[in-house]
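Take a look at the letters that make up each chain.
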Amino acid sequence: MKRIVTFIFAIYPLIGFSQYFPVTVAEGSNFQSTSTYNDVMNFIKMLEKASRYIRVETIATSTEGRDIPLLIVANPMPKSPREVGNRIVVYIQANIHAGEVEGKEASLMFVRDLLKNPANPLLKNIVLLVCPILNADGNERMSTKNRPQQNGPVNGVGVRHNGQMLDLNRDAMKLESSEMLGVVTNVLNRWDPAIVMDCHTTNGSYHQEPVTFTWMMNPNGSRELINYMRDKMMPWVSSQLSVKYKTLNCFYGEFIDQKDYEKGWISYASEPRYFTNYVGLRNRLSILNENYVYAPFDERVYGCYNLIAAVCDYAMENGKEIKDLLAKTDREAMQMPKTKPNPEFAITYEGRPTPQWVTILTYEAEAFTDEQGRERFRKTDRKRTVTVPYIADYYPTSTIPLPFAYIVKNDKVVTNLLKNHGIQFQPLSDTITLNVEQFTIDSLKPTPRINQGHYNSIIFGKYDRVNKLFGTDYVIVKTSQSLGLLAAYLLEPQSDDGLVFWNFWDRYLVPQWGNYYNPVPVYRIVNENDLPKN
């Protein structure tokens, strides 16, 4: 099917460089099509010509050679992150899955409309960062056969994976893709946004709300920040969407049981491989936006647009409060364990109901059996409103004390990964004998199914106290740093998203001969007193 339009131009009065602002492919095609990579880049070039209040940096270059753009929108325009000043930085990310395209269109529209009025207070109070097309390679595999269950655009969308056949929203910890590596190094480390929103499209339960969203939820992140999102920011944004922007919305999830809605509404993806939870581990506020797959494409785009607006409204009204809260969280992380005696790291955890139940405008569903003999559900026209528990509070079920520091084998792949995450470490300058905890492996098994190119390692064992001689081929990683919990998540052998799980240590764990295991080359210094005094 041919594309209906490439670009249509609209003329708006402007105090600035030019009077010409483009419309998106979605708008120009009456929401029958979505933008190609070239469409996006041409749109951005037109915005640059139209206004002095936008600048473009490159996040990364994709596997297939496409530059991933980062739009910086502000008045005055900071030449670098050092010039942000008292403003709050907000990062909007779209098209991480290139079949889920409303964030791409909505973010471009939002930036354009913002630039029409240089006096808009948002420009003066927020430094807005936007990546409209993170998965550029996946975007170019556009077809009407992709996501056929999705309600538009009828002329096709891209695919979920990037040019490496990787899901970018499973790559936040291992950073195997150039795109996610670029986001971490060139957005999070460089600009340090206080608020991050990642835009998606749902799969799952039927409901009437075109916009859903939720917040970071991994229990190894700051409980104070999670509760702030749960109890204050997200309810405010939901109300703003409903009242100011007249947009139906609910918190993201799906029914635990399609046959019994009363069992609850659950948001289940809590590991930090998911970008939203990863940002939470970095002590920043993060939002997962999931637009409803069965709503018409134009409703999804405008709903996402309004959600961006509502999040920015909150950031403008509460910028100082947010920055103070994040600074406090960072200080506490850098001063642990003084600020939090006996800190624990969650090895396993479970979802529990939030204090407030949620109301979902849903439909009754009917069960049927598909061609493979599996039970499926189809939506009926019978509307139903339910108020049910929201399973989105994750709490530890087993923990281990957070150590003062880790002693880690100076494997260049591992230390480069730590460096790319922004985690601080120091090489040992001399040989030293230390009393440490060593993880002794009882069993090590691969998962039965390949996950993102990996047979993930499932490890069982225990810590033993040993005296061990360390040389200059080791580094020390202290947990008393702003990214200390992220470091622990990567380094703890039993972590569900760490270096053992993602096979970084595989070649160290099994000897060439024999049926035993070597210790994991990550050792724990339990207390500061276990280090010799200089």
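Remember, it's a predicted structure, so these values are computed and weren't measured experimentally.

Novice: Sorry, what's going on with the confidence of the model for the protein chain here?
Specialist: Interpreting fine coordinate detail is not advised for predicted regions of low pLDDT. For the protein chain, per-residue confidence averages 94 on the pLDDT scale, and 96% of positions sit at 70 or higher. The spread of mean pLDDT over the elements of the protein chain runs between strand 1 (residues 9-11), the lowest at 36, and strand 5 (residues 88-93), the highest at 99. Note on residues 1-18: pLDDT under 50 across the span, and 54 contacts to partners over four residues away in sequence or across chains.

Novice: Looking at this model, I keep getting lost on helix 7 (residues 223-243). Mind explaining?
Specialist: Counting along an α-helix, one turn takes 3.6 residues, and residues three or four places apart therefore face a common direction. Compared with the 30 Å implied by 1.5 Å per residue over 21 residues, the 29 Å span of helix 7 between its first and last C-alpha is a close match. Along helix 7, the sharpest change in direction is near 40° and occurs at Met229. Looking at helix 7, one finds that the buried residues are Leu225, Ile226, Tyr228, Met229, Arg230, Met233, Met234, Val237, Ser238, Gln240 and Leu241. Looking at the buried residues of helix 7, the elements they touch are strand 7 (195-201), strand 8 (211-215), strand 9 (249-251), strand 12 (285-291), helix 9 (297-334) and strand 16 (390-401). At the N-terminal boundary of helix 7, the capping side chain belongs to Ser222, with an oxygen 3.3 Å from the backbone nitrogen of Glu224.

Novice: I tried to follow the packing of helix 3 (residues 102-115) against helix 9 on my own but got confused; where do I start?
Specialist: Put simply, helix 3 and helix 9 touch, their axes get as near as 8 Å, and they point 55° apart. One way to sum up the angle between helix 3 and helix 9 is to call them oblique. You can see that helix 3 and helix 9 cross each other, and the crossing is right-handed. Across from Glu102, Gly103, Glu105, Ala106, Ser107, Met109, Phe110 and Asp113 in helix 3, the residues of helix 9 making contact are Phe297, Arg300, Val301, Tyr302, Cys304, Tyr305, Ile308, Ala309 and Cys312. Residues belonging to the contact of helix 3 with helix 9 are distributed by class as follows: 11 nonpolar, two polar and four charged.

Reading the values: rules and limits
- Here, residues in each chain are numbered from 1, in the same order as that chain's written sequence.
- This being a predicted model, a pLDDT of at least 70 is required before a residue's local features are given, and a value of 80 or more before pairs of side-chain atoms are given or counted; all residues contribute to the totals for chains, interfaces and linings.
- As a rule here, side-chain values come from all non-hydrogen atoms in the structure, and water together with hydrogens is ignored.
- Here pLDDT means the predictor's own confidence in every residue, given as a number from 0 to 100.
- The secondary structure listing takes helices from DSSP runs of H or I that are at least 4 residues long and strands from runs of E that are at least 2 residues long, numbered from the N terminus.
- Residue contacts are counted whenever heavy atoms from the two residues lie within 4.5 Å of one another.
- Take the number of residues in a helix, subtract one, and multiply by 1.5 Å to get its expected span.
- For a residue, the bend is simply the angle between two axes, fitted respectively to the seven-residue segment ending there and the seven-residue segment starting there.
- When accessible area is computed with a 1.4 Å probe and restricted to protein chains, residues below 20% of their type maximum are described as buried, those above 50% as exposed, and intermediate ones as partly exposed.
- Whenever a nitrogen or oxygen atom comes within 3.5 Å of another N or O atom, the pair is scored as a polar contact, on the condition that within protein one atom can donate a hydrogen and the other can accept it, and that pairs from neighbouring residues in sequence are kept only if both atoms are in side chains.
- Simply put, an axis is a line fit to the C-alpha atoms, just over the touching stretch for a helix, and the angle between two N-to-C directions goes from 0 to 180 degrees.
- Any angle that is under 35 degrees is reported as roughly parallel, and any over 145 degrees as roughly antiparallel; angles of 65 to 115 degrees are reported as roughly perpendicular and all others as oblique.
- Handedness of a helix crossing follows the sense of rotation of the near helix relative to the far helix, less than a right angle counterclockwise being left-handed and clockwise being right-handed.
- Under the convention adopted here, Pro, Cys and the residues Ala, Val, Leu, Ile, Met, Phe, Trp and Tyr are nonpolar, Asp, Glu, Lys and Arg are charged, and Gly plus all remaining residues are polar.

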